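Okay, here's what each chain looks like letter by letter:
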Amino acid sequence: MTVTQSRVEKQHTPWYKSLRRILTTTHHTEIGMLYFAFSYIFLIVGGLFALWMRWELATPEGNVVDANFYNSLFTVHGTLMIFFWATPVFFGFANYMVPKMIGAPDLYYPKLNALSFWLLPVAAALLLIGWPNIGWTGYAPLTVIQPDIGVDMWILSLHIVGTSSIIGSLNFIVTIWRLRRPGINFSNMPLFVWSIAVTAFIIILAVPVLAFGLTLLLLDRNFGTQFYIPEGGGDPILWQHLFWFFGHPEVYILVLPAMGIISEILPRLVKRPIYGYKAIAYSTVLIGVLGFGVWAHHMFTTGMSINALAPFMLMTMAVAIPSGIKVINWEATLYGGKIRFNTPTLFTLSFIGTFIVGGITGVFQAGIPVDFHLQDTYFVVGHFHLILFGAISQAAFAATYYYFPHFTKRMYSETLGKVHFISANVGQYLLYIPMLALGLLGMPRRYYEYLPEFQGLHAIATFGAILIGVGTIIFLLNLLISWKKGPAASPDPWDAAKNGMPDFMGEAMNEVEAQRHG
Amino acid sequence: MSAETNAHAAHEEHEEGSIWPAIVGLNTIALIAGLILLLKGIYTTVGLILVFYFIALLVVFVVFEVRQWQHVISSFFERLQKTPIPAEPEKVGSVGFPTALFLLTETAFFASAFGAYFLIRSTFPVWPPPGAPHLENFIPRIQTIILLTSSVTIELAVWSAKKGNNRGVLAGILATMVLGIVFMGLKLGIEWPRLIYELGFTPASGFYGSSFYILTGVHGAHVVGGIIVLAIAAGRAKLGHFKPKSHGFLDAVSLYWNFVDLIWLMLFLIIWEGAFLW
């Protein structure tokens, strides 16, 4: 009844009132939806850039774009996908779900929460207008001597994104610490809340380091300071230290919420409580801590002494242990569970599978001698895309399908969802496995033309990229059409509450208590 | 029943909403555009206008919004009281945890600054490098005394707030502000011009110059930020916002100020007093 009423109201709302509501809202669910809209828009934009690059790479000659434009394409693609797709989409989930999971009415600072969203469009606009061509890692001294104004815009864009994520993280930590309802504590808090708490701590410790490094870069470019320039005693390697001290924890900023959300939806989909709650929670913390001690594994070939590098190799390999703990606990949850073959389950399973493949290719590169061979090749590209698309993005897809009935009160189309699943998974292995092979054969990354003997593998990869693109378009059309026209969904679409695992624990406890009191 | 509560909740949300996050967030584009014009030295007037436009916007926001903060806080706690979450308005006073988190980000920032400084400094055979000017420590010593005094005055303001002495609060905050302004005046008015114009020691004078100006510069920026939040605190003290049991903002400002003071002591020891020198 209430649902139909609100639907009628929605149809009568004139556009300027909806716009006003979008601009003025401070409610966590609505800001969560804004984050989703924003991140899915930039998934499309970043995906189109990727397809553009793959189109260029289908043939060995550089004939679609020129070298400089290709540099800009991979720079903007990388920065967009990390800062404007993978980070905000999980901020969206966190916004929507964390208060509901801990039984809070909203985040602790609702207006700051809105501010941390409204900084993002500015940052994205700066990045796209700036169109920098220095690579998403922005290595000095290239970034210092490159006179293009776009590099300054890229720096300031990252400053704004960083500010936004720091504000958001402070908000989430204070919310999780202060607004938990009685009965929810650190020994039974939903695992997604655990992962958001750890992620937020990583953000507030890692992002300021990036901010400092970027500030030095801005000064080097515009005021003649010599932090990254060897002539005055500076060191280009300093940038790599500062960037990767942020950059590697950033990987865990992206993957921990994905792991958290999988730990939430997997037990509900297979109707069996999560196996090893404590192990998963503590391994999240362990990944967060170890993540700060591995940054130099991006710098094995910079000429640092082997004695300094060896601990980073060991630490990097050690991170595989807590990650493995998680995988084994998910698999143990599957064992004896009732596996349903609906779209979120399929994506959850493919998340686990691809995470294993992507993670193990990472353990290879942790070995210093292996990395000497693989540094800056397509193997690296294949490895982190398997994690970023194959695992993290697919976790976001799984969670989007899973929570779609909660967000919109409607159901998506299962058939289209399965088509999306097949094209995304066939596509990703066609795209990234050839990349691993190309890297082993010695194809360097960031080249827009290459030797003719690599063409076969590149052509397969391009075909895979197109498959992923088609799948993503089907996915977004499915969501948009179902949002308006889909069949009404039940309030408990996956029988989670029926199996004793309500989707939003805190909210369910609040309702029980409200009923008890009258 | 549920429809009624939903409608009520929707009404409440509507009241809680605010256009300011969107205005401030989206207008940062003006700040950034202005900064880029200033950095590149093209259309500097336009750049200055854009930057000042953004600052004016923030001033308008603070002036309009500060009066409502009491209301915002109390309505948030009213909302909480309808839930089982234990939260009393008195707890507004305990800003220790959020402030500590904020200072944790600041710690990470300054740790990376000191880390970068020592990482590069360790590659020099001697420090200071040959040919670098001798840095006079007369002004920094005065600055140290000023900042240590200001830590006392801000604590006096907090102490007065606990006693309910609003005039003491205002006096403490204003004294701290004055000391902060004198500190910045000594740095920007006397020390830096002397170094730059008399000794020719600029940010472009090698890593020694760059690191000197970045370390003292980011610290100075934090002092300026401190002066601004002190001004807001003074405004709130004048409006009588600080009660003996609820003066969280003042607590937070004093913690921040003492933190900036501590960073200065480390800078003073490392840069002027030759700590860790070899």
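About the cut-offs
- Residues numbered from 1 in each chain as written.
- Chains lettered and ligands numbered in written order.
- Predicted model: local features only at pLDDT ≥ 70, side-chain atom pairs only at ≥ 80, totals over all residues.
- Heavy atoms only, no water.
- Helix = DSSP H or I, 4+ residues; strand = E, 2+ residues; numbered from the N terminus.
- Buried < 20%, exposed > 50% of the residue type's maximum accessible area, 1.4 Å probe, protein only.
- Contact = heavy atoms within 4.5 Å.
- Areas by Shrake-Rupley, 256 points an atom, 1.4 Å probe, with all protein chains shown as cover.
- Lys, Arg positive; Asp, Glu negative; His and termini not counted.
- Charge placed at Lys NZ, Arg CZ, Asp CG, Glu CD.
- Buried area = accessible area lost by both parts, 1.4 Å probe.
- Salt bridge = Lys/Arg side-chain N within 4 Å of Asp/Glu carboxyl O.
- Polar contact = N/O pair within 3.5 Å; in protein donor to acceptor, adjacent residues only side chain to side chain.
- Nonpolar A, V, L, I, M, F, W, Y, C, P; charged D, E, K, R; others polar.
- Domains from an automatic or database assignment.
- Expected span 1.5 Å × (residues − 1).
- pLDDT = per-residue confidence, 0-100.
- Phe/Tyr/Trp six-rings, centres within 6.5 Å; stacked < 30°, edge-to-face > 60°.
- Core = buried A, V, L, I, M, F, W, Y, C linked by side-chain atoms within 4.5 Å.
- Axes fitted to C-alpha atoms, helices over the stretch in contact; angles between N-to-C directions.
- Parallel < 35°, antiparallel > 145°, perpendicular 65-115°, else oblique.
- Patch = residues over 30% accessible without salt bridge, like charges linked within 9 Å, V, L, I, M, F, W, Y side chains within 5 Å.

Q: Sorry, what's going on with the overall build of chain B here?
A: Summing up its helical and strand segments, chain B has nine helices and zero strands in all. Put simply, chain B runs from its N terminus to its C terminus through helices and strands in the order α-α-α-α-α-α-α-α-α. Once the C-alpha set of chain B is aligned to its principal axes, its extents read approximately 80 × 50 × 35 Å. Going through the 278 residues of chain B one by one, you find that 45% of them count as buried. Of all intrachain contacts in chain B linking residues separated by at least 6 positions in sequence, the fraction that spans at least 24 positions is 76%. Put simply, chain B shows about 13500 Å² of open surface, and 71% of that area lies on carbon and sulfur atoms. Computed over 16 positive and 17 negative side-chain charges, the inter-centroid distance for chain B is 6 Å.

Q: When you look at the interface of chain B and chain A in this model, what are you seeing that I'm missing?
A: Accessible area lost during the coming together of the parts is what is often quoted as the interface size. Every contact between the two is made by 52 residues of chain B and, on the other side, 63 residues of chain A. Carbon and sulfur atoms supply 75% of the area buried between chain B and chain A, which totals about 5000 Å² over both sides. Counting across the interface, chain B meets chain A through three salt bridges. Notably, a salt bridge pairs B:Arg79 with A:Asp106, separated by 3.8 Å at the nearest N-O pair. Put simply, chain B and chain A have seven residue pairs in polar contact (both at pLDDT 80 or more) between them. For the side of chain B that touches chain A, the secondary-structure elements that each account for two or more residues are helix H1 (2-16), helix H2 (20-40), helix H4 (69-81), helix H5 (96-121) and helix H8 (206-238) of chain B. Among the residues making up the side of chain B that touches chain A, the classes are represented as 33 nonpolar, 14 polar and five charged.

Q: Explanation requested: the side chain of A:His297 in the structure shown.
A: Structurally, A:His297 can be placed in the loop between helix H10 (277-290) and helix H11 (306-334). For A:His297, a relative accessible area of 12% gives the class buried.

Q: So what exactly am I meant to see when it comes to the domain arrangement of chain B here?
A: Residue and element names in this part refer to chain B. For chain B, the domain assignment lists domain 1 (3-82) and domain 2 (91-272). Computed over C-alpha atoms only, the centres of domain 1 and domain 2 are separated by 26 Å. With seven residues of domain 1 at the interface, the matching set in domain 2 holds seven residues. With both chains or domains summed, domain 1 and domain 2 bury close to 660 Å², and 76% of this area falls on carbon and sulfur atoms. It is Val 66, Trp 69 and Gln 70 that lose the most area in domain 1 upon contact with domain 2, and together they represent 58% of the buried surface on that side. Summed over the shared surface of domain 1 and domain 2, the result is zero residue pairs in polar contact (both at pLDDT 80 or more). Contributions of two or more residues to the side of domain 1 that touches domain 2 are made by helix H3 (44-66) and H4.

Q: How should helix H7 (residues 149-178) of chain A be read in this particular structure?
A: Owing to its 3.6 residues per turn, the α-helix brings residues three or four apart onto one side. Counted at 1.5 Å a residue, the expected span for H7(A) with its 30 residues is 44 Å, and the 44 Å between its end C-alpha atoms agrees. Of all 30 residues making up H7(A), 26 are buried, and the element is well covered by its neighbours.

Q: So what exactly am I meant to see when it comes to the pattern of salt bridges here?
A: Side chains bearing opposite charge may pair, as long as their charged atoms lie close to each other. A full pass over the atoms with the stated rule returns 13 salt bridges over all chains. A salt bridge links A:Asp376 to A:Arg445; the nearest nitrogen and oxygen atoms lie 3.9 Å apart. Placement of A:Asp376 in the loop between helix H13 (368-374) and helix H14 (378-408) and of A:Arg445 in the loop between helix H15 (414-441) and helix H16 (455-485) is noted, with a sequence separation of 69 residues between them. Take A:Asp376: its relative accessible area is 41%, and that puts it in the partly exposed class. Here the salt bridges do not stand alone but share partners, grouping A:Asp152, A:Arg221 and B:Lys40 into one network.

Q: For this particular structure, what's the right way to read the confidence of the model for chain A?
A: Any residue range with low pLDDT should be treated as having predicted coordinates unsuitable for detailed reading. Scored by pLDDT, chain A has a mean of 92; 97% of the residues are at 70 or more. Segment residues 1-10 of chain A is flagged for pLDDT under 50; beyond a separation of four residues in sequence, or across chains, it makes four contacts in the model.

Q: Any chance you could explain the packing of aromatic side chains here in plain terms?
A: The description of an aromatic ring pair rests on the distance of the ring centres and on the angle between the ring planes. All names here are of chain A. In the structure shown here, the tally under the stated rule is 75 aromatic pairs over all chains. Ring centres of Phe 69 and Trp 131 lie 5.5 Å apart, and the angle between their planes is 45 degrees; this geometry places the pair in the tilted category. A residue pair is termed long-range when its members are at least 10 positions apart, and Phe 69 in helix H4 (residues 67-102) and Trp 131 in the loop between helix H5 (110-130) and helix H6 (142-145) qualify at 62 residues. Between Phe 91 and Phe 172, the aromatic rings sit 5.8 Å apart at their centres with planes inclined by 55 degrees, giving tilted as the arrangement. Of this pair, Phe 91 sits in helix H4 while Phe 172 sits in helix H7; the two residues are 81 residues apart in sequence, bridging distant segments of the chain.

Q: Help me understand the side chain of A:Thr175, please; the structure alone is not making it clear to me.
A: Take A:Thr175: it is sitting in helix H7. Of the residues examined, A:Thr175 reaches a relative accessible area of 0% and is grouped as buried.

Q: Just checking my understanding: could you explain the environment of B:Phe52 for this structure?
A: Relative to the elements of secondary structure, B:Phe52 occurs in helix H3. When the C-alpha positions of B:Phe52 and B:Leu31 are compared, they lie 8.1 Å apart, and in sequence the two are 21 residues distant.

Q: In this structure, what is going on with unusual backbone geometry? I would like to understand it.
A: Look at the link from A:Ala140 to A:Pro141: it is a cis peptide, with omega at 0 degrees. Relative to the helices and strands, A:Pro141 is located in the loop between H5 and H6. Residue B:Pro128 follows B:Trp127 across a cis peptide bond; omega there is 0 degrees. The backbone of A:Trp131 sits at a positive phi, close to 50 degrees, despite the residue not being glycine. Look at A:Trp131 and you get partly exposed, because its relative accessible area is 23%.

Q: Any chance you could explain the nonpolar core here in plain terms?
A: A general feature of soluble globular proteins is that nonpolar side chains tend to end up buried together. A:Phe84, A:Phe93, A:Tyr228, A:Ile261, A:Trp330, A:Tyr403 and B:Ile173 are the most contacted members of the largest nonpolar core, which has 244 residues in total. In terms of residue count, H4(A) provides more of this core than any other element does, 21 residues in total. Leave out the neighbours within four places in its chain, and A:Phe84 touches A:Phe38, A:Ser39, A:Phe42, A:Thr79, A:Leu120, A:Ala123, A:Ala124, A:Leu127, A:Ser157 and A:Val161.

Q: Would you mind showing me how to read the packing of helix H12 (residues 343-366) of chain A against H15(A) here?
A: Angle between the axes and distance between the axes: these two values describe a pair of packed helices. All names here are of chain A. Direction vectors running N to C along H12 and H15 enclose 10 degrees, while the axes themselves pass 10 Å from each other. In this view, H12 runs roughly parallel relative to H15, as classed from their interaxial angle. Contact residues: Thr 343, Leu 346, Phe 347, Ser 350, Gly 353, Thr 354, Val 357 and Thr 361 in H12; Glu 414, Gly 417, Lys 418, His 420, Phe 421, Ala 424, Asn 425, Gln 428, Tyr 429 and Leu 436 in H15. Tallied by class, residues from the contact of H12 with H15 come to seven nonpolar, nine polar and two charged.

Q: Would you take a moment to explain a nonpolar patch on the surface for this structure?
A: All names here are of chain B. Taken together, the side chains of Leu 35, Leu 38, Leu 48, Phe 52, Ile 55, Val 59, Val 60, Val 63 and Phe 64 make up a nonpolar region of the molecular surface, amounting to roughly 770 Å² of accessible area. Going through the elements one at a time, H2 and H3 are the ones with two or more residues in the nonpolar patch. Looking at which element gives the most residues to the nonpolar patch, the answer is H3, with seven residues. Counting through the fold element by element, Phe 64 comes out in helix H3. Looking at Phe 64, the relative accessible area reads 55%, which means it is exposed.

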